[in-house]
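Architecture and fold: a report
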Amino acid sequence: MYSTEVGPDENIVCKLDLYRGREPYLQFETDIMDRIGIDAEINTHTYEALDTQLRATKDMPLRTVHLRADPGEPFNYNFNTPDQQVARDSAYRLSELLDTYGDKARGFILHEERGGEGRMTEAEKDNYAAALSRIDGKGTLFLEYCSSDPDDWVDVISRVTSDSVSACVDIGHLYQHFRAQKGLDRDGAVERTRDVVDRVSKIGKPVHFHVHDCDMTQGHPWYGIPDHLPLGDGELGLEGIKDVIEPAYRNLGTDKVTYNIEILLRPEYSQALSKEEADDMERYAVESGKDRKEIINDAEMIKGTYESIATEVGEFREILDELSGKGA
Ligand SMILES: [Zn+2]
């Protein structure tokens with residue numbers, strides 16, 4: 001099931017594929033990640049992109065895989081549905097994916113953006129949990145908290161009987177839910193997020209985190225969302241992030257918890273390319289006939305974002321050290 005071969009201290013990855021596998025950024029991205037010493041959480045919508053990205057990250061033992069199951073896209077998994085046939089088919093296809101790819105990554109994260117409206121009935125939760133319980137394969141599948149009711153999400157996870165299925169706590173999504181949907185202030189939202197982490201980690205299965213900061217007063221320049229900010233740049237801050245993950249640390253120890261520093265690209269991070277990097281991008285512009293300036297701009301933004309993530313990882317390691325008593 002869950003591999004801990006690489007040791008409990010080696011449990012942090014960061015988001016790969018900031019541009020959904022657009023060539024030639026993958027090579028560029030993995031080169032930078034290699035230099036800053038962090039492995040990837042692959043982010044994929046299709047089997048083809050999954051193969052491409054697994055190839056690009058073949059030397060990263062810590063990698064995890066983020067599967068987006070949006071309607072109409074190839075994965076198109078749907079477990080939160082009264083349609084038993086659709087749920088069974090989803091479990092079959094996802095189990096098959098785990099059998100094929102399960103030993104190639106430390107965990108698979110399912111981002112299922114369905115059923116976010118209102119509360120679920122007990123029968124709906126039972127159905128959802130029963131559908132997820134049919135998933136069986138190599139590796140662990142982490143059901144990400146996206147936008148549903150957090151209490152319902154915890155109930156569903158706790159009713160799942162398959163050992164292959166556990167929880168991915170997206171700190172920013174949860175915090176944002178309590179701020180925006182429930183109208184709580186910063187401290188109230190931190191407290192509630194922390195409580196969800198406590199309950200979901202008490203189930204005893206491995207937990208994966210998506211770690212990022214959130215600032216409700218400003219949206220991302222083109223996605224509009226307030227989260228996926230560098231740690232310390234939002235309302236949560238490093239203290240808030242520490243408060244939120246602490247119960248998982250207490251309930252599960254170090255070797256059942258993994259983290260993805262999930263930061264989005266932002267133009268203000270841009271950093272100048274080296275001569276070699278610029279030459280690669282120039283060559284790509286010529287070969288592909290694409291706009292040279294746009295390619296250079298994107299590459300500068302990607303580079304700066306990963307350099308920022310390198311700092312985040314350092315800060316996050318300090319949080320983990322403090323929690324484990326290793327810090328000052
Ligand atoms: Zn996430």
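Residues numbered from 1 in each chain as written. Predicted model: local features only at pLDDT ≥ 70, side-chain atom pairs only at ≥ 80, totals over all residues.

1. A word on the overall build of the protein
On a plain count of helices and strands, the protein comes out with 10 helices and 10 strands. For 328 residues, the compact-globule estimate of 2.2 N^0.38 gives 20 Å, and the protein sits close to it at 19 Å. Overall size of the protein, expressed as C-alpha extent along the three principal axes, is 60 × 45 × 40 Å. Out of the 328 residues belonging to the protein, those deemed buried represent 44%. (Helix = DSSP H or I, 4+ residues; strand = E, 2+ residues; numbered from the N terminus. Rg over C-alpha atoms; globule rule 2.2 N^0.38 Å. Buried ≥ 20, exposed ≤ 12 C-beta atoms within 10 Å, placed from the backbone.)

2. Some remarks on the sheet that holds strand β10 (residues 257-261)
As a general point, the strands of a sheet are linked pairwise by backbone hydrogen bonds and lie either parallel or antiparallel. If you trace the eight strands once around the closed barrel, you get β1-β2-β3-β4-β5-β6-β7-β10, paired in parallel fashion. Strand after strand, the sheet turns through a mean of 30 degrees between neighbouring axes, direction not considered. Where helix α8 (residues 237-252) meets the sheet, it contacts β7 (207-211) and β10, and its direction lies at approximately 170 degrees from that of β7. (Pairing = 2+ DSSP bridges. Axes fitted to C-alpha atoms, helices over the stretch in contact; angles between N-to-C directions. Contact = placed C-beta atoms within 7 Å.)

3. Brief notes about unusual backbone geometry
The phi angle at Asn76 is positive, at roughly 40 degrees, despite the residue not being glycine. Using a count of 15 C-beta atoms within 10 Å as the deciding quantity, one classes Asn76 as partly exposed. Positive phi, normally seen in glycine, also occurs at His228, with a value near 65 degrees. By the secondary structure assignment, His228 is in strand β9 (residues 227-229).

4. Thoughts on the pairing of strand β5 (residues 141-144)
Neither face of β5 is exposed, since Leu141 and Leu143 on one face and Phe142 and Glu144 on the opposite face are all buried. The sheet contact formed by strand β4 (residues 108-111) and β5 spans three bridges and is parallel. The partner of Ile109 across the bridge, within β5, is Phe142. Summarising the sheet, β5 and strand β6 (residues 165-170) pair through four bridges and their orientation is parallel. Residue pairing in the sheet places Phe142 in a bridge with Ser166 of β6. Considered for its hand, the β-α-β crossover made up of β5, helix α5 (residues 150-159) and β6 is right-handed. (Right-handed = clockwise from strand over helix to strand, strands pointing away.)

5. Here's the deal with the environment of Tyr25
Checked against the element boundaries, Tyr25 lands in helix α1 (residues 25-36). When the C-alpha atoms of Tyr25 and Lys275 are compared, they prove to be 16 Å apart, with 250 residues separating the residues in sequence.

6. With respect to α5
Side chains three or four residues apart in an α-helix point the same way, a direct result of the helix having 3.6 residues per turn. Buried residues of α5: Pro150, Trp153, Val154, Val156 and Ile157, and no others. The buried residues of α5 occupy an angular sector of 160 degrees when the element is viewed end-on, so they sit on one face. Contacts made by the buried residues of α5 are with α4 (122-133), β5, β6, α6 (171-181) and α7 (186-202). (Arc of directions from axis to C-beta.)

7. With respect to the packing of α1 against helix α2 (residues 47-56)
With their axes 10 Å apart at the nearest point, α1 and α2 run at an angle of 40 degrees to one another. With respect to the hand of their crossing, α1 and α2 are arranged in right-handed fashion. Judged by residue contacts, Leu26, Gln27 and Thr30 of α1 engage Thr52, Gln53 and Ala56 from α2. When its residues are assigned to classes, the contact of α1 with α2 shows two nonpolar, four polar and no charged. (Left-handed = near helix turned anticlockwise from the far one by under 90°. Nonpolar A, V, L, I, M, F, W, Y, C, P; charged D, E, K, R; others polar.)

8. Considerations on the environment of Val154
Take Val154: it is sitting in helix α5. Val154 sits 139 residues away from Lys15 along the chain, and the two C-alpha atoms are 25 Å apart.

9. Some points on α1
For α1, with 12 residues, the first-to-last C-alpha span of 16 Å sits near the 16 Å given by 1.5 Å per residue. Looking only at α1, the buried set comprises Tyr25, Leu26, Phe28, Glu29, Thr30 and Met33. In this structure, the buried side of α1 is in contact with β2 (39-44), α2, α9 (275-288) and α10 (292-324). (Expected span 1.5 Å × (residues − 1).)

10. A few points about the pairing of strand β1 (residues 12-15)
In this sheet, β10 lies alongside β1 in parallel orientation, the contact comprising three bridges. Opposite Val13, over in β10, you have Asn260 as the bridge partner. Both β1 and β2 contribute to a ladder of three bridges, which runs parallel. By the bridge assignment, Val13 is partnered in β2 with Asp39.

11. Some remarks on the packing of α5 against α7
Axis separation between α5 and α7 bottoms out at 10 Å; the angle between their running directions is 10 degrees. Looking at the two axes, α5 sits roughly parallel to α7. Note on element contacts: α7 touches α5 through Val196, Arg199 and Val200, opposite Pro150, Val154 and Ile157. (Parallel < 35°, antiparallel > 145°, perpendicular 65-115°, else oblique.)

12. Focus on the confidence of the model for the protein
For the protein, the average pLDDT comes to 89, and 94% of its residues sit at 70 or higher. In this model residues 1-8 is a low-confidence stretch, pLDDT under 50, and it forms 11 contacts with partners more than four residues away in sequence or in other chains. (pLDDT = per-residue confidence, 0-100.)

13. Focus: the environment of Asp227
By the element assignment, Asp227 lies in strand β9. Between the C-alpha atom of Asp227 and that of Val313, which follows or precedes it by 86 residues, the distance is 17 Å. In this structure Asp227 touches Gly172, His173, Gln176, His212 and Cys214, once residues within four positions along its chain are discounted.

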